[in-house]
Amino acid sequence: MYAERPDPPFIALIDDDDHSAHLLTRMLEAHGSPAIRRFADAAEGEQGLAAILGDPDATWPGLVIVDLKAHSGANLDFLARNHAMLRQKGVPLAVMAAPTGRAGRQLLHDAGATGVFFRQAELDAYRHEAAAIVSFWARHQCLDAVGM
């Protein structure tokens, strides 16, 4: 008898800019990420994550990436509202932010981000950042997971 196959692993992307989300998705997949499930804004992301994490039979995301641009504090607002839920479930939370110094990164980490990555204007730098995100995801995978 075989156990029912769970949903495949995925990364949840909460990005309120269609072009940005499309580009990041393509870059992540080109670097070997699992499937990307996109949520179009903070509210949709919060509702979707609450539903997924509230279902004990659902496959949880291996990483949540937040890249909100609605206003300058959108990522911090999202972190403040949701980092405790994600931390409790053991889901790492990465933030895409405009390049900032150590103090800016520390502010995001203090608000609950597990990882901070930067939006890059230059294509090669953007590719490098996408590769770093996939590496971050891979390092945070549950090592006792059982595959089929």
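Up top you'll find the structure we're talking about.
What you see is a predicted model, and the numbers here were worked out from it, not measured in a lab.

1. Describing the overall build of the protein chain
- Scanning the protein chain from N- to C-terminus turns up five helices and five strands.
- Over its C-alpha trace the protein chain gives a radius of gyration of 15 Å, about what one expects of a compact globule, namely 15 Å for 148 residues.
- Overall, the protein chain is about 55 × 30 × 25 Å in size when its C-alpha atoms are taken along their principal axes.
- Split into buried and exposed, the 148 residues of the protein chain put 41% on the buried side.
- Only carbon and sulfur atoms are counted for the fraction: they give 54% of the accessible area of the protein chain, which is about 8400 Å².

2. Some details on helix α1 (residues 18-30)
- Its 13 residues give α1 an end-to-end C-alpha distance of 18 Å, which sits within 8% of 18 Å, the value for a rise of 1.5 Å per residue.
- Among all positions in α1, only Ser-20, Ala-21, Leu-24, Thr-25, Met-27 and Leu-28 are buried.
- Its buried side turned inward, α1 meets β1 (10-15), β2 (35-39), β3 (63-67), β4 (93-97) and α5 (123-139).
- A distance of 3.3 Å separates the backbone nitrogen of His-19 from a side-chain oxygen at the start of α1, and that oxygen is part of Asp-17.
- Following α1 by one or two positions, Gly-32 adopts a phi angle in the positive range, close to 95°.

3. Here we look at the sheet that holds β4
- Read from one edge to the other, the open sheet built from five strands follows the order β2-β1-β3-β4-β5, with strand pairing classed as parallel. The open sheet has two edge strands with one neighbour each: β2 and β5 (115-118). Strand after strand, the sheet turns through a mean of 25° between neighbouring axes, direction not considered.
- Summarising the sheet, β3 and β4 pair through three bridges and their orientation is parallel. In the sheet register, Val-64 faces β4, and the bridge partner there is Leu-93.

4. Regarding the layout of surface pockets
- Here the second largest pocket defines a volume of roughly 180 Å³.
- Lining the second largest pocket are 15 residues, and of these Ser-72, Asn-75, Leu-76, Ala-97 and Leu-108 sit closest to its centre.
- Of all the secondary structure elements, the ones that give two or more residues to the lining of the second largest pocket are α3 (74-89), β4 and α4 (102-110).
- Looking at the lining of the second largest pocket element by element, the count peaks at three residues for α4.
- Looking at side-chain class alone, the lining of the second largest pocket contains seven nonpolar, six polar and two charged residues.

5. Some points on the packing of aromatic side chains
- According to the stated counting rule, one finds one aromatic pair in the structure shown.
- The positively charged end of Arg-37 is found above the aromatic ring belonging to Phe-10, 3.7 Å away from the centroid.

Criteria and cut-off values
- Residues numbered from 1 in each chain as written.
- Predicted model: local features only at pLDDT ≥ 70, side-chain atom pairs only at ≥ 80, totals over all residues.
- Heavy atoms only, no water.
- Helix = DSSP H or I, 4+ residues; strand = E, 2+ residues; numbered from the N terminus.
- Rg over C-alpha atoms; globule rule 2.2 N^0.38 Å.
- Buried < 20%, exposed > 50% of the residue type's maximum accessible area, 1.4 Å probe, protein only.
- Areas by Shrake-Rupley, 256 points an atom, 1.4 Å probe, with all protein chains shown as cover.
- Expected span 1.5 Å × (residues − 1).
- Contact = heavy atoms within 4.5 Å.
- Polar contact = N/O pair within 3.5 Å; in protein donor to acceptor, adjacent residues only side chain to side chain.
- Pairing = 2+ DSSP bridges.
- Axes fitted to C-alpha atoms, helices over the stretch in contact; angles between N-to-C directions.
- 1 Å grid on protein atoms, 1.4 Å probe; cavity = no way out; pocket = protein on both sides within 12 Å on 5 of 7 lines; lining within 4 Å.
- Points joined across faces, edges and corners; volume = space filled by probe spheres on them.
- Nonpolar A, V, L, I, M, F, W, Y, C, P; charged D, E, K, R; others polar.
- Phe/Tyr/Trp six-rings, centres within 6.5 Å; stacked < 30°, edge-to-face > 60°.
- Lys NZ or Arg CZ within 6 Å of the ring centre and 35° of its normal.

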